[in-house]
Amino acid sequence: RVLLMDEPTASLDPARRAELGALLRKLTQDGRTLLVSTHDDDFANDWATRILRLDSGVIVDAGERR
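Residues numbered from 1 in each chain as written. Predicted model: local features only at pLDDT ≥ 70, side-chain atom pairs only at ≥ 80, totals over all residues. Heavy atoms only, no water.

1. Comments concerning the overall build of the protein
From N to C terminus, the protein includes two helices and four strands. Along the protein, from the amino end to the carboxyl end, the secondary structure elements read β-α-β-α-β-β. Expected size for 66 residues packed as a compact globule is a radius of gyration near 11 Å; at 12 Å, the protein falls within 12% of this value. Expressed along its principal axes, the backbone C-alpha trace of the protein runs to roughly 30 × 25 × 20 Å. Contacts in the protein between residues at least 24 apart in sequence constitute 42% of all its contacts with a sequence separation of at least 6. Here the protein contributes 10 positively and 12 negatively charged side chains, and the mean placements of these two sets differ by 8 Å. (Helix = DSSP H or I, 4+ residues; strand = E, 2+ residues; numbered from the N terminus. Rg over C-alpha atoms; globule rule 2.2 N^0.38 Å. Contact = heavy atoms within 4.5 Å. Lys, Arg positive; Asp, Glu negative; His and termini not counted. Charge placed at Lys NZ, Arg CZ, Asp CG, Glu CD.)

As structure tokens, this is what we get:
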């Protein structure tokens with residue numbers, strides 16, 4: 001029950017980006033685990049519960065959110 005996504009906000013306008021964030025939050029509240037790869041720092045900071053930052057494939061920062 002894990003959903004993997006790569007750059008889900010690519011080419012989305014701000015309204016669709018917010019809709020996607022709300023949908024992903026609902027999925028997590030329903031017990032789904034999400035793993036999202038993104039360069040969209042704002043999206044990650046707005047919606048993620050945990051953010052891992054990578055540099056050359058190495059975790060350089062692991063922080064809790066919400």
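2. Describing the environment of aspartate 61
The residue aspartate 61 is located in strand β4 (residues 58–64) in this model. Taking relative accessible area as the criterion, aspartate 61 reaches 36% and is therefore assigned partly exposed. C-alpha of aspartate 61 to C-alpha of glycine 21: the two residues are 40 residues apart in sequence and 22 Å apart in space. Once you skip the residues sitting within four places of it in the chain, aspartate 61 turns out to touch Ile51, Leu52 and Arg53. (Buried < 20%, exposed > 50% of the residue type's maximum accessible area, 1.4 Å probe, protein only.)

3. Quick word on the layout of surface pockets
Considered as a void within the structure, the largest pocket measures approximately 840 Å³ in volume. Breaking the lining of the largest pocket down by element, the ones donating at least two residues are β1 (2–6), α1 (14–29), β2 (33–37), α2 (41–47) and β3 (50–55). If you tally residues by element for the lining of the largest pocket, the top one is β3, at five residues. Considered class by class, the residues forming the lining of the largest pocket number 13 nonpolar, six polar and six charged. (1 Å grid on protein atoms, 1.4 Å probe; cavity = no way out; pocket = protein on both sides within 12 Å on 5 of 7 lines; lining within 4 Å. Points joined across faces, edges and corners; volume = space filled by probe spheres on them. Nonpolar A, V, L, I, M, F, W, Y, C, P; charged D, E, K, R; others polar.)

4. Some points on a nonpolar patch on the surface
Together, Val2, Leu4 and Leu35 make up a nonpolar patch on the protein surface, roughly 320 Å² of accessible area in all. Overall, the relative accessible area of 52% leaves valine 2 in the exposed class. (Patch = residues over 30% accessible without salt bridge, like charges linked within 9 Å, V, L, I, M, F, W, Y side chains within 5 Å. Areas by Shrake-Rupley, 256 points an atom, 1.4 Å probe, with all protein chains shown as cover. Salt bridge = Lys/Arg side-chain N within 4 Å of Asp/Glu carboxyl O.)

5. Thoughts on unusual backbone geometry
Despite not being glycine, serine 11 has its phi angle at roughly 70 degrees, a positive value. Along the chain, the position of serine 11 falls in the loop between β1 and α1. For serine 11, a relative accessible area of 82% puts it in the exposed group. In this structure, serine 56 is a non-glycine residue whose phi angle is positive, near 55 degrees. In this structure, serine 56 sits in the loop between β3 and β4. According to the relative accessible area criterion, serine 56 is exposed, its value standing at 73%.

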